[in-house]
Every structure is written in structure tokens, then in C-alpha cells.
Amino acid sequence: MSEKQSVLAGFKAFLMRGNVVELAVAVVIGAAFTKIVTAVVEGIINPVVGAIGPKDLDAYQFCLKGPCGVDEATGEAIGIVIKWGSVLSAALTFVITAAVVYFLMIMPLTKYKARMDARKPLADTSPAKTELDVLTEIRDTLIAQRTAAEPRSAAAVGGQREGGGQPS
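Please read these numbers as outputs of a predicted model, since none were measured by experiment. (Residues numbered from 1 in each chain as written. Predicted model: local features only at pLDDT ≥ 70, side-chain atom pairs only at ≥ 80, totals over all residues. Heavy atoms only, no water.)

It is not clear to me how the packing of aromatic side chains should be interpreted in this structure. Could you clarify?
Between two aromatic rings, the relevant description is the distance of the centres plus the angle of the planes. Going through the model one piece at a time under the given rule, you end up with 1 aromatic pair. Both rings, one in Y102 and one in F103, keep their centres 5.1 Å apart while their planes meet at 80°; by these two values the pair is edge-to-face. Given the relative accessible area of 41%, Y102 is considered partly exposed. (Phe/Tyr/Trp six-rings, centres within 6.5 Å; stacked < 30°, edge-to-face > 60°. Buried < 20%, exposed > 50% of the residue type's maximum accessible area, 1.4 Å probe, protein only.)

Printed below as a string of C-alpha cells:
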């Protein structure tokens, strides 16, 4: 009985994780949003395109290998038809969907998160130093001390040579 409870508890924990719930909400909203975008493309975009040609974008096609048509007896297509209007319609639907998602969802959420992050107190976000980092700092400090001490010692050595050296 406890194994069954642990399996159910694990399943519940899996479902309650934030990313699973968010993903489920995104799928549901995406399905509903697709209907809206499809309606916009069919109700607004297609009629605008239809002002210069057929109202239905699916009617835009050309025959790759002709003659193109439909066999009245069997209802099958004759020839090879490239339906570029359908591809254009799907591309427009994608671009509109992506633009709406970006401008109405992603941008405001990004700005909101930036404002929330700005309100948080600044914590020490520097990563913990590794052994290599500490050794590098020690080396750099020693080099800096050595270069700072060298000009004085060189001047002292040079001064002794000038005044106390052997006669020329």
C-alpha cells in the first residue's frame, strides 16, 4: 500500500511542479489563440489579398506538371499542383501569432520581471573563489610588490656604482 501511495505522491509532486502547470496552461491558451489568429487571417488578411485576386488564399496555386484539374469521375487531382497560397496563409498565421505573443506577452512580462528584479536588494552575486583564483591573486600581488620595489633597488645599486665604483 505504501508503494502505491509513494507513486501517487510522486505523480502529484510531478504535476505540481511549476513548469508542468505552466506548460499545460500554455498549450490550452495556444490552442484558443490559434483560433483567434486563424479568424483574423481568414476574416481580414484574406479579403485584403482577395482585393487583388481570389479571396481564398488556397486558390493561389500553379501547375508544376499539367494539365492540372480534378478528374470528375474519381475526384482525384490530375497533374502536380503547387498550392503556394496555402503556404502563404500558414506563414501569415505564424507571423501574426509570433508578433502577438511577443508584443502582448513576452515584452510586458520581461519588463515586469526587470522591475521586480530592480526592487530586490542587491545580494553578493559574485561566484565563490576557486583555488586557482586565489593563487592568481597572490601571484599578481607578488608581481606588483616586486615591480614596485625594483626601481628603488636599481637606483640604489646604480648610485653605488657611480660614486663607489672602480676608477675608469
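Quick question: what am I supposed to make of the environment of E137 here?
Here E137 lies in helix α4 (residues 131-164). A distance of 2.8 Å separates a polar atom in the side chain of E137 from a polar atom in the side chain of K129. (Helix = DSSP H or I, 4+ residues; strand = E, 2+ residues; numbered from the N terminus. Polar contact = N/O pair within 3.5 Å; in protein donor to acceptor, adjacent residues only side chain to side chain.)

Help me understand the side chain of S89, please; the structure alone is not making it clear to me.
Considering the arrangement of structural elements, one finds S89 in helix α3 (residues 84-119). When sequence neighbours within four positions are dropped, the list of residues in contact with S89 reads V41 and L57. (Contact = heavy atoms within 4.5 Å.)

Honestly, the pattern of salt bridges in this entry has me stumped. Any pointers?
Pairing of side chains with opposite charge becomes possible as their charged atoms draw close. Applying the stated criterion across every chain yields a total of 3 salt bridges. A salt bridge links D117 to K120; the shortest N-O distance between them is 3.8 Å. Take K120: its relative accessible area is 53%, and that puts it in the exposed class. For K129, the salt bridge identified is with E137, shortest N-O distance 2.8 Å. The class for K129 is exposed, based on a relative accessible area of 54%. (Salt bridge = Lys/Arg side-chain N within 4 Å of Asp/Glu carboxyl O.)

Looking at this structure, I do not really get the pairing of strand β2 (residues 77-82). What am I missing?
Across a regular strand the side chains alternate sides, sitting on one face of the sheet and then on the other. Pairing analysis gives 5 bridges linking strand β1 (residues 62-70) to β2, with the strands arranged antiparallel. Bridged to C63 within β2 is V81. Linkage of β1 to β2, two consecutive antiparallel strands, is achieved through a turn of 6 residues, within which G75 is found at a positive phi near 80°. (Pairing = 2+ DSSP bridges.)

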